[in-house]
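# Observations on the three-dimensional arrangement
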Amino acid sequence: MKLQLALDLVNIPEAKELVKEVEDHIDVVEIGTPIIKIEGLKAVREMKEAFPNLEVLADLKTMDAAAYEVQKASEANADIVTVLGAAEDESIKGAVEEARNQGKEVLVDLIAVKDIETRAKELDELDVDYICVHTGYDLQAVGKNSFEDLQTIKNVVKNAKTAIAGGIKLDQLEEVIKVQPDLVIVGSGIAGQEDKKAVAAKMQEMIRQGSTA
Ligand SMILES: O=C(CO)[C@H](O)[C@H](O)COP(=O)(O)O
């Protein structure tokens, strides 16, 4: 089980500063959708240059022209690129094929997908690398989370790795770990805390202790 730090509401220098603080305790750093929209894929390139030992995920949330966007993110040295689960199967196939050509991985984000069980089964057959349940900020604000959804997809996904994102804080991590996702994605649960290093270290310790694979 890996720990991913999601960076959304910062600029490139702030993002690098933050990662410097916690780099020993995370496996993947996510350049969040808002950063990419504001700063472009150079944020991905600069992060990989600064932290070559970390995997870098470009949270493009691609909906169309998926092969092209995966290609461009790969050229910026992303290791993992996100595509939306609501996208057409043709887009998913294009993303997976391009990722294979480039030696990269595709994470499909199920944000806003209503029937996640059916879609997760379909995505699993399309050979994606990760399937991620995700409660976005706007649903977190009305008290939702993805904990049950994680179990739902764990029950049906046979090949892909599973991931969870959306408002995960230290005091909820134990509940998440019990379901054994392959990737736990945490944004404000680390980036928004006073002592980021201590929280990330504690999360890393809990994940290491709780991982069965
Ligand atoms: O993709 C995102 C928002 O769309 C965030 O990166 C993801 O939700 C993780 O951040 P947080 O833990 O703060 O919710």
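Heads up: the structure comes first, above all this text.
The notes below deal with the structure included here. Keep in mind it's a predicted model, so treat the numbers as computed, not measured.

## Looking at the pairing of strand E6 (residues 130-134)
The element E6 is largely enclosed, with a buried count of five among its five residues. Because side chains alternate across E6, one face comprises the buried residues Tyr130, Cys132 and His134, and the other comprises Ile131 and Val133, equally buried. Both strand E5 (residues 105-109) and E6 contribute to a ladder of three bridges, which runs parallel. Each residue of the ladder has a partner; that of leucine 107, found in E6, is tyrosine 130. Considered for its hand, the β-α-β crossover made up of E5, helix H6 (residues 116-125) and E6 is right-handed. Where E6 meets strand E7 (residues 161-165), five bridges bridge the pair, whose relative direction is parallel. From the neighbouring strand, tyrosine 130 faces E7, where its bridge partner is lysine 161.

## A few points about helix H5 (residues 89-102)
An α-helical turn contains 3.6 residues, so any two residues separated by three or four positions project in the same direction. Taking 1.5 Å of rise per residue, the 14 residues of H5 would be expected to cover 20 Å, and the 20 Å separating its terminal C-alpha atoms lies within 8% of that figure. The set of residues buried in H5 consists of Ser91, Ile92, Gly94, Ala95, Val96, Glu98 and Ala99. As for H5, its buried residues are in contact with helix H4 (66-75), strand E4 (80-84), E5 and H6. Backbone geometry just downstream of H5 places glycine 103 in the positive-phi region, at approximately 70 degrees.

## What about the nonpolar core?
Leu7, Val19, Met47, Ile92, Leu110, Ile131 and Ile190 are the most contacted members of the largest nonpolar core, which totals 64 residues. With residues up to four places along the chain from it excluded, the contact list for valine 19 reads Leu5, Leu7, Ile26, Val29, Met47, Phe51 and Leu54. Judged by nonpolar contacts, the second largest core, of eleven residues, contains Ala6, Ile80, Leu107 and Ile185.

## A word on the sheet that holds strand E8 (residues 183-186)
Here eight strands make up a closed barrel; going around it, the order is E1-E2-E3-E4-E5-E6-E7-E8 and the pairing parallel. Each strand axis lies, on average, 25 degrees off the axis of its neighbour in the sheet, ignoring direction. Here three bridges tie strand E3 (residues 55-62) to E4, and the two strands are oriented parallel to one another. Looking across to E4, one finds that leucine 57 is bridged to isoleucine 80.

## Observations regarding the pattern of salt bridges
Any two side chains of opposite charge can pair if their charged atoms end up close together. In total, this model carries eleven salt bridges according to the counting rule given. Of the charged contacts, one joins lysine 2 and glutamate 55 as a salt bridge, the two residues approaching to 2.6 Å between their closest N and O atoms. Of this pair, lysine 2 sits in strand E1 (residues 2-7) while glutamate 55 sits in strand E3, and the two are 53 residues apart along the sequence. Classification of lysine 2 as partly exposed rests on a relative accessible area of 31%. Classification of glutamate 55 as buried rests on a relative accessible area of 19%. Residue lysine 93 is joined to glutamate 90 by a salt bridge in which the shortest nitrogen-to-oxygen separation is 3.5 Å. With a gap of three residues between them, lysine 93 and glutamate 90 both fall in helix H5, about one helical turn apart. Overlapping salt bridges bring together Asp89, Arg119 and Glu122 as one network.

Cut-off values and rules
- Residues numbered from 1 in each chain as written.
- Predicted model: local features only at pLDDT ≥ 70, side-chain atom pairs only at ≥ 80, totals over all residues.
- Heavy atoms only, no water.
- Buried < 20%, exposed > 50% of the residue type's maximum accessible area, 1.4 Å probe, protein only.
- Helix = DSSP H or I, 4+ residues; strand = E, 2+ residues; numbered from the N terminus.
- Pairing = 2+ DSSP bridges.
- Right-handed = clockwise from strand over helix to strand, strands pointing away.
- Expected span 1.5 Å × (residues − 1).
- Contact = heavy atoms within 4.5 Å.
- Core = buried A, V, L, I, M, F, W, Y, C linked by side-chain atoms within 4.5 Å.
- Axes fitted to C-alpha atoms, helices over the stretch in contact; angles between N-to-C directions.
- Salt bridge = Lys/Arg side-chain N within 4 Å of Asp/Glu carboxyl O.

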